[in-house]
Amino acid sequence: MKIGVFICHCGNNISATVDVEQVAQHALTLPGVVCAHTIPHACSEPGQQLIKKNIQEKGLNRIVIGACSPRVHEATFKRVLAQAGLNPYLLEFANLREQCSWVHEDRQLATGKAIDLIDMAVNKAARLEPLTSSKVDVNKRTLVIGGGIAGIQAALDIADSGHEVALVEKTPTIGGNMARMDKVFPTLDCSACILTPKMVEVASHPNVTLYTYSEVEQVSGFVGNFKVKIRKKARLVDMEKCTGCGSCTLKCPVKAPSEFNMGLDNRGAIYIPFPQAVPHIPVIDKTVCSYILKKKCGLCQKICPTGAIAFEQQDELTEEEFGAIIVATGYELMDWTVYGEYGYGKYKDVITSMQYERILSSSGPTGGHIKRLSDGREPEVVAIIACVGSRDAARGRPYCSSVCCMYSAKYAMLTREHLPNAQVYIFYMDIRACSKMYEEFVQRAQEKYGANYVRGRVSKIFERNGRMVLQGADTLLGQSVELEADLVVLAVGITGTQSTIELAKKLNISHDEYGFLTENHPKLRPVESSTAGIFIAGACQSPKDIPLSVAQASSAASKVLGLISHDKLETSPLVAEVTILKCVGCFRCLSVCPFSAIEEQVLRDGTKVAQVNPALCQGCGLCSATCPPAAIALRGFTDDQLISQMESLCQLNPEL
Amino acid sequence: MSELLNELKQKVAEILPKVTYFIGYEAGFDPLRVAPVFIRKPEDINRLQWNRFCDHNLATYLPPQKRPPGFLFEAGEKIGVLLKGCDSRSVVQLLQEGIVDREKLVILGVPCWGAIDIAKLQSRIDVNKVSRVELDEQTIMVFTDTAEVSVDVSELLYDKCKTCQHPNTLVYDEFIGEKRDPPQDIEPFALVTQLEQMSLGARAEFWEKQFSRCIRCKACRNVCPLCYCQNQCLLDSRVPHWTKERVDAKSNRWFHLIRAFHLAGRCTDCGECARVCPVNIPINLLPMKMNRELFELFGWRAGTNEDEKPPLMSFKLEEEHIGNDK
Amino acid sequence: MAGTSRMKQPASVRIVRLPCTGRINPLLPLRALEDGADGVLISGCHPGDCHYREGNLYARRRLELLQRFLPFVGIDPKRLRYVWVSASEGARWQTIVAEFTQQIRELKARGEAS
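Counting from 1, residues in each chain are numbered in the order their sequence is written. Each chain gets a letter, beginning with A, and each ligand a number, beginning with 1, in the order they are written. With the structure being a predicted model, the display of local features is reserved for residues of pLDDT at least 70 and the display and counting of side-chain atom pairs for 80 or more, all residues being used for whole-chain, interface and lining totals. Derived side-chain values reflect all non-hydrogen atoms in the structure, with water molecules and hydrogen atoms excluded from consideration.

Undergrad: Any chance you could break down the overall build of chain B for me, citing the residues and the numbers?
TA: Only DSSP runs of H or I covering at least 4 residues are called helices, and only runs of E covering at least 2 are called strands; the numbering of each starts at the N terminus. Across its full length, chain B holds nine helices and nine strands. Overall, chain B is about 60 × 50 × 40 Å in size when its C-alpha atoms are taken along their principal axes. Whether a residue is buried, partly exposed or exposed follows from its accessible area with a 1.4 Å probe, protein chains only, as a fraction of its type maximum: under 20%, in between, or over 50%, in that order. Classification of the 326 residues of chain B by burial places 55% in the buried group. We call two residues contacting when some pair of their heavy atoms lies within 4.5 Å. A separation of at least 24 residues holds for 69% of the contacts in chain B among residues at least 6 apart in sequence. Only the protein chains shown count as cover for residues, and all accessible areas are computed by the Shrake-Rupley method using a 1.4 Å probe. For chain B, the exposed area adds up to about 14,600 Å²; of that, 49% sits on carbon and sulfur atoms.

Below, the structure is given as structure tokens:
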């Protein structure tokens, strides 16, 4: 055993509090240690060179580095070992910065502790074994979950590169929230005009398998080799036979609120969500269909020219394998009815932004005419209230929706284009218009379209003589304001969804309290989830507009392509390992393994012993803590290694 | 008792053709002792005994890992065994762990009134010079060449028998005799509760005295039906380096703590470890303490339910009896 | 996080790094106590938030049992504590370490820890 110890000054991050020379001197007294050096910056080029030189000249075979957190530089020093011809797993890290110099002030105590930490590391290092990783095949197929603009973009990017993609969407059509929008900022081109071609393209792409009205049921496996069960919910319409003529949807006597039109009008029990839906095939809503509920009607079945109505259809489960997964499950509007002061939804002429999108849309419930929902009258005054459910910590939504400034300005323009005589008022907190052409867009709304911006919150809305009265404060003028409006549009904030939280659990990826998925690093790994091989794109990560969603989707796609461009992946060697001779075949390890990584193996004499699949093993060590004779060990954290660390720390008996 | 013994012999005669051997009790070296016996031939059936001295837990012979040399399983082989209620709990636990195969066992069940702890006779008569014993349901008369004593059997029962809730075999193929009504108002962990009356320091001292006597003969481990790791036992392991071979109170305590944790949620309170201890350490109390806690936390009694997952092998996201903000 | 934010902590704590609380055989903390550690503090991800799915849920049961068992052999259960602290809860970690260290110091002052 030839152990080399290297203590980093980290500039003076460590050496200001820890006497690194004393620590190095102490290290030299430990069994097996043949050299101990201090280095100003171990991670720098000269630092790395010094370590390499010592490994090669002194024939070191275990390395202890006392520096920062292993999270920061363990990988760096593993590389150094490898470059010096040493197995990278013969490295033990002592965290002298985050766990010592940064959190202590007394130099003597900190130095004493640093000595102990090096002691523990040396003792563990003496018990390290060289480890090698194994390789697993990478499945080249990708699963994209969510068929909004982000999911579509990611699927297309990957499919265009020549790889297979499955796109799973839980509603009957792809398109997502973007399909609902009328015109989009900052260009004011029609949303449908830019989205619909992409919807058609993705559906007809030879490399894309589209699963609409389907949900991810179960996910197992690991990066490069995910197994996913997909539930294809019964549409009760045979997709092969249906021609999408839509006769059934016209005859259906049932009325239910249209999800696509945000409840502004009704659809049948059998319906196509919107004219440009992809696939253009109806679905039967089992919760309202009279045939399903009461075995009465069946009108759609009678009139269908191709006999496509299939009341007997059942959900289908299919299992597929993928190498990578992109989650692009989007957002919802937050529940604005918690705002009692805005009427809890009881005034017909107080509507949400997404409802206004539908009203503005020429294919919407009013044919693109701006009308009051109460009496059908054209409004003379339209008031828009920004930040409803955004930047409001008291209502549990401290974050910015990142889009309502922009679409409020858009509403001002579109309203004036539809009704040139109408007055538009926007109540706002601040104007955030930080992207390309955004500030100019807002300026245009104010200057060319005469939008009246009132800085302040509306505190109350009530009805007076058939009009909506808004009371609030103008914080620029420092006075209270009252405005009579005919139509009030609430720019409702954005939230993550419950179904995304449920999906995150199935995928074992992190999410925050609002239902947004957590990226692996907020700056440097923005589209990677906490689980390798699973990526995130679009508003499921945080509120964002279309350009950003699309950019993130392409970014996730490029990460996926980077992953699947490998034929094989190296797996971590820090996995569990069974010593066959010691295994008594109780299989408690198999019973507790959260990753189904342990199997029964029958030896030639018929004895059954446990066996670890290193590709499935994630290295948690639960099996190792469960095995009575310690026949299964987690490499890098074996009982022997941990006991040796504990023994040295207990012998030291620090003065409290 | 003698009727039960006759019935037992009849049943063993019936099943013997189906099994490789039948494990029961035979007379020991004096009238107070019995010993386990492996009956292979019909002519040996008469050696069988069934009386209040039958204290061994025969389940210990069942795990394939523990099979003594010369008794190896062969294809299609079955084993017959006589099990008391307490012993059958061990088998239920072994079945739960998938260690024994129910198909390979032919179990004869019996009602049990509790076994006599010979150590409790010692103060009344020299138990090593006994020439004759007369036993009925209530009373035992013990004779040596020079003395005799008559004792109420209930005074001589093992402590574990006084807190037993399972007088009838739980899992069996045939039951001999009539089932007893399980006793009411039993506090199964009374012995643990008793020790807990002591102060923390007094208890530390109590155990120090106990462990300083331990000679590391490992009889406690070897007799335990649930200690089936044999050569691989962690207590013999050098890598990983769990125990030291030193015999002092501290090392001995560590030895027994390892054993206790390996039995957590598995020990069926058969008390064999304490019975065989040559230096009389009540070593069964350590796993019994775990059993009490696991019963209070999760309602778990090892060896009573073959189909339920043991509490340390499972979890709930919301634990009912563990504070979530620990 | 506590380290990165330079949150001051008692210098008497030595950390043994493990991938997951699920790796903790209750014998490991028990061994530390037997070997002379004054106290053992175990910290892991919050239940339901295990990086390895379920490890801490098993650990919770095993450590709770250990804690309840300790006094039976004369070890003060206050010498063991298990807590759930996520990587982002630096301040919480700081408080817990300070509290636990204080508790152990008091035990030692009373001569109750080893």
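Undergrad: Describe the pairing of strand β6 (residues 130–135) of chain B, with residues and values.
TA: Residues and elements named next belong to chain B. What makes two strands pair is DSSP finding at least two bridges between them. As judged from the five bridges shared by β6 and strand β7 (residues 139–144), these two strands associate in the antiparallel manner. When the sheet's bridge partners are listed, V133 is paired in β7 with V142. Turn length for the β6-β7 hairpin, with the two strands adjacent in sequence and antiparallel, is three residues.

Undergrad: I'd like a description of the nonpolar core, backed by residues and values.
TA: In this description, a nonpolar core means a group of buried Ala, Val, Leu, Ile, Met, Phe, Trp, Tyr and Cys residues linked to one another through side-chain atoms lying within 4.5 Å. Among the nonpolar cores identified, the biggest contains 176 residues, and A:V5, A:I118 and B:F22 are the most heavily contacted of them. If one sorts the elements of this core by residue count, helix α5 (residues 107–125) of chain A sits on top with nine residues. Excluding its chain neighbours within four sequence positions, the residues that come into contact with A:I118 are A:V5, A:I7, A:V23, A:A27, A:V64, A:G66, A:A94 and A:L96. Membership of the second largest hydrophobic core comes to 67 residues, among which are A:I149, A:L156, A:A537 and A:V609.

Undergrad: Outline the interface of chain A and chain C, listing residues and values.
TA: Where interface size is quoted, it is often the accessible area lost as the parts come together. Contacts between the two partners involve 43 residues from chain A and, on the opposite side, 41 residues from chain C. What counts as buried area is the accessible surface, traced by a 1.4 Å probe, that two parts surrender upon association, with contributions from both included. Of the roughly 3,800 Å² buried between chain A and chain C, counting both surfaces, carbon and sulfur atoms make up 60%. Take a side-chain nitrogen of Lys or Arg and a carboxyl oxygen of Asp or Glu: if they are within 4 Å of each other, that pair is a salt bridge. Summed over the shared surface of chain A and chain C, the result is four salt bridges. Ionic pairing is found between A:D639 and C:R23, a salt bridge with its closest N-O pair at 2.6 Å. Counting of polar contacts relies on pairs of N or O atoms within 3.5 Å, with two restrictions inside protein: one atom must be capable of donating a hydrogen and the other of accepting it, and residues adjacent in sequence are counted only when both atoms are side-chain atoms. Seen at the junction of chain A and chain C, the total is twelve residue pairs in polar contact (both at pLDDT 80 or more). Looking at the side of chain A that touches chain C, the elements that each hand over two or more residues are α3 (70–83), α4 (97–101), α5, α16 (588–592), α17 (622–626) and α18 (639–652) of chain A. Looking at the side of chain A that touches chain C, the element that brings in the most residues is α18(A), giving eight residues.

Undergrad: Lay out the domain arrangement of chain B in plain terms, naming residues and giving numbers.
TA: Domain extents, as shown, originate in an automatic or database domain assignment. According to the domain assignment, chain B consists of domain 1 (2–115 + 166–175), domain 2 (118–156) and domain 3 (190–313). Between the C-alpha centres of domain 2 of chain B and domain 3 of chain B the distance comes to 31 Å.

Undergrad: Please provide a residue-by-residue account of empty space enclosed by the protein, values included.
TA: A water-sized probe, rolled over the atoms, reveals where empty space remains. All names here are of chain B. Any residue with an atom within 4 Å of a point lines the site, the site being either a cavity, points on a 1 Å grid over the protein atoms alone where a 1.4 Å probe fits but cannot get out, or a pocket, an open set with protein on both sides within 12 Å along at least 5 of 7 lines. Grid points are joined across faces, edges and corners, and a volume is the space filled by probe spheres set on the points. Scanning all chains against the criterion turns up nine cavities of 30 Å³ or more. Looking at the largest cavity, its volume works out to about 170 Å³. As for the largest cavity, its lining consists of 16 residues, and the residues nearest its centre are C227, Y228, C229, C233 and H262. Among the secondary structure elements, those contributing two or more residues to the lining of the largest cavity are α6 (219–223) and α7 (249–262). Here the element with the most residues in the lining of the largest cavity is α7; it accounts for three residues. Polar here means any residue outside two lists: the nonpolar Ala, Val, Leu, Ile, Met, Phe, Trp, Tyr, Cys and Pro, and the charged Asp, Glu, Lys and Arg; Gly therefore counts as polar. Split into classes, the residues belonging to the lining of the largest cavity amount to nine nonpolar, three polar and four charged.

Undergrad: An account of the sheet that holds strand β17 (residues 316–322) of chain A is requested, with residue identities and associated values reported.
TA: All names here are of chain A. The strand order β11-β12-β17 describes an open sheet built from three strands, whose pairing is antiparallel. Both outer strands of the open sheet, β11 (214–222) and β17, are each paired with one neighbouring strand and no more. Within this sheet the neighbouring strands show an average axis-to-axis angle of 20°, counted without direction. Across eight bridges, β11 lies against strand β12 (residues 225–232) in antiparallel orientation. Here an angle of 0 to 180 degrees is reported between the N-to-C directions of two axes, which are lines fitted to C-alpha atoms, with helices fitted over the stretch in contact.

Undergrad: Which residues make up the interface of chain A and chain B, and what are the values?
TA: Contact with chain A, which involves 16 residues of that partner, is made by 17 residues of chain B. Counting the surface lost from both chain A and chain B, the interface buries some 1,400 Å², and carbon and sulfur atoms represent 56% of this. The interface formed by chain A and chain B includes two salt bridges. Run the count over chain A and chain B and you get seven residue pairs in polar contact (both at pLDDT 80 or more). Among the elements of the structure, α16 and α18 of chain A are those that each provide at least two residues to the side of chain A that touches chain B. For the side of chain A that touches chain B, the element with the highest residue contribution is α18(A), accounting for four residues. Here the residues of the side of chain A that touches chain B sort into eight nonpolar, three polar and five charged.

Undergrad: Quick one: what's the story with the pattern of salt bridges, residue by residue and with numbers?
TA: Residue and element names in this part refer to chain A. One pass over the full model with this rule turns up 68 salt bridges over all chains. For R372, the salt bridge is made with D486, and the minimal N-O distance between the two is 4.0 Å. Of this pair, R372 sits in the loop between α11 (353–360) and β21 (381–388) while D486 sits in the loop between β26 (479–485) and β27 (487–492); the two residues are 114 residues apart in sequence, bridging distant segments of the chain. For the pair R372 and D486, one class covers both residues: buried. Through salt bridges with shared partners, a single ionic network connects D349, R372, D375, R377, R464, R467, E482, E484 and D486.

Undergrad: Describe the sheet that holds strand β1 (residues 3–8) of chain A, with residues and values.
TA: All names here are of chain A. Spatial strand order, β2-β1-β3-β4: four strands in an open sheet with parallel pairing. Two strands close off the open sheet at either side, each with one partner strand: β2 (33–39) and β4 (91–95). Put simply, the sheet's adjacent strands are angled 15° from each other on average, direction ignored. As defined by bridge partners, β1 adjoins strand β3 (residues 62–67) across five bridges and the pair is classed as parallel. Paired with G4 across the strands is I63, a residue of β3. Against the sheet, helix α1 (residues 20–28) engages β1 and β2, with an angle of about 170° to β2. In the packing of helix α2 (residues 45–58) onto the sheet, the strands contacted are β1, β2 and β3, and the crossing angle to β2 comes to about 165°.

Undergrad: Describe the state of the cysteines, with residues and values.
TA: Residues and elements named next belong to chain A. To count as a disulfide, a pair of cysteine sulfur atoms needs to be within 2.5 Å. One pass over the full model with this rule turns up one disulfide over all chains. The side chain of C190 participates in a disulfide bridge whose partner is C193; the two sulfur atoms lie 2.3 Å from each other. In this structure, the disulfide formed by C190 and C193 twists by about 95° around the S-S bond and is classed as right-handed. In this structure C252 is a free cysteine whose sulfur lies 6.2 Å from that of C297, the closest cysteine sulfur available. Residue classification places C252 among the buried positions, given a relative accessible area of 12%. Not part of a disulfide, C586 finds its nearest cysteine sulfur in C627, a span of 6.0 Å. C586 sits in the buried class, given a relative accessible area of 14%.

Undergrad: Before we move on, can you summarise the packing of aromatic side chains with the specific residues and values?
TA: In this analysis, rings of Phe, Tyr and Trp, with Trp reduced to its six-membered ring, are considered paired at centre separations within 6.5 Å, and the interplanar angle assigns stacked below 30 degrees, edge-to-face beyond 60, and tilted for intermediate values. For the structure shown, the criterion picks out 24 aromatic pairs over all chains. A centroid spacing of 5.7 Å and a plane angle of 10° characterise the contact between A:Y339 and A:Y342, whose relative ring orientation is stacked. Residue classification places A:Y339 among the buried residues on the basis of a relative accessible area of 1%. Residue A:Y342 is classed as buried on the basis of its relative accessible area of 1%. Summarising the aromatic geometry, the rings of B:W207 and B:F211 are spaced 5.3 Å apart at their centres and angled 20° between planes, so their arrangement reads as stacked. One end of the pair is B:W207 and the other is B:F211, both in helix α5 (residues 200–213) and four residues apart, which spans about a single turn. Taking the relative accessible area as the measure of exposure, B:F211 reaches 0% and is therefore buried. Ring pairs connect the aromatic residues B:F206, B:W207, B:F211, B:F261, C:F69 and C:F72, which therefore count as one cluster. Lying over the aromatic face of A:Y339, A:R395 brings its terminal NZ or CZ to 4.3 Å of the ring centre. The residue whose ring lies beneath B:R301 is B:F295, and the NZ or CZ to ring-centre distance is 6.0 Å. Geometrically, a charge over a ring is one whose NZ (Lys) or CZ (Arg) sits within 6 Å of the ring centre while staying within 35 degrees of the ring normal.

Undergrad: Describe the packing of α11(A) against helix α12 (residues 404–418) of chain A, with residues and values.
TA: All names here are of chain A. With their axes 12 Å apart at the nearest point, α11 and α12 run at an angle of 30° to one another. The angle between the axes of α11 and α12 places the two elements in the roughly parallel class. Considering only the axes of α11 and α12, their crossing is left-handed. Where α11 approaches α12, its residues S353, M354, Y356, E357 and L360 are matched on the opposing element by Y407, K410, Y411, L414, T415 and H418. Of the residues assigned to the contact of α11 with α12, the class counts are six nonpolar, three polar and two charged. Orientation categories follow fixed angle ranges, with anything under 35 degrees roughly parallel, anything over 145 roughly antiparallel, 65 to 115 roughly perpendicular, and all other angles oblique. Take the far helix as the reference: if the near one is turned anticlockwise from it by less than a right angle, the crossing is left-handed, and if turned clockwise, right-handed.

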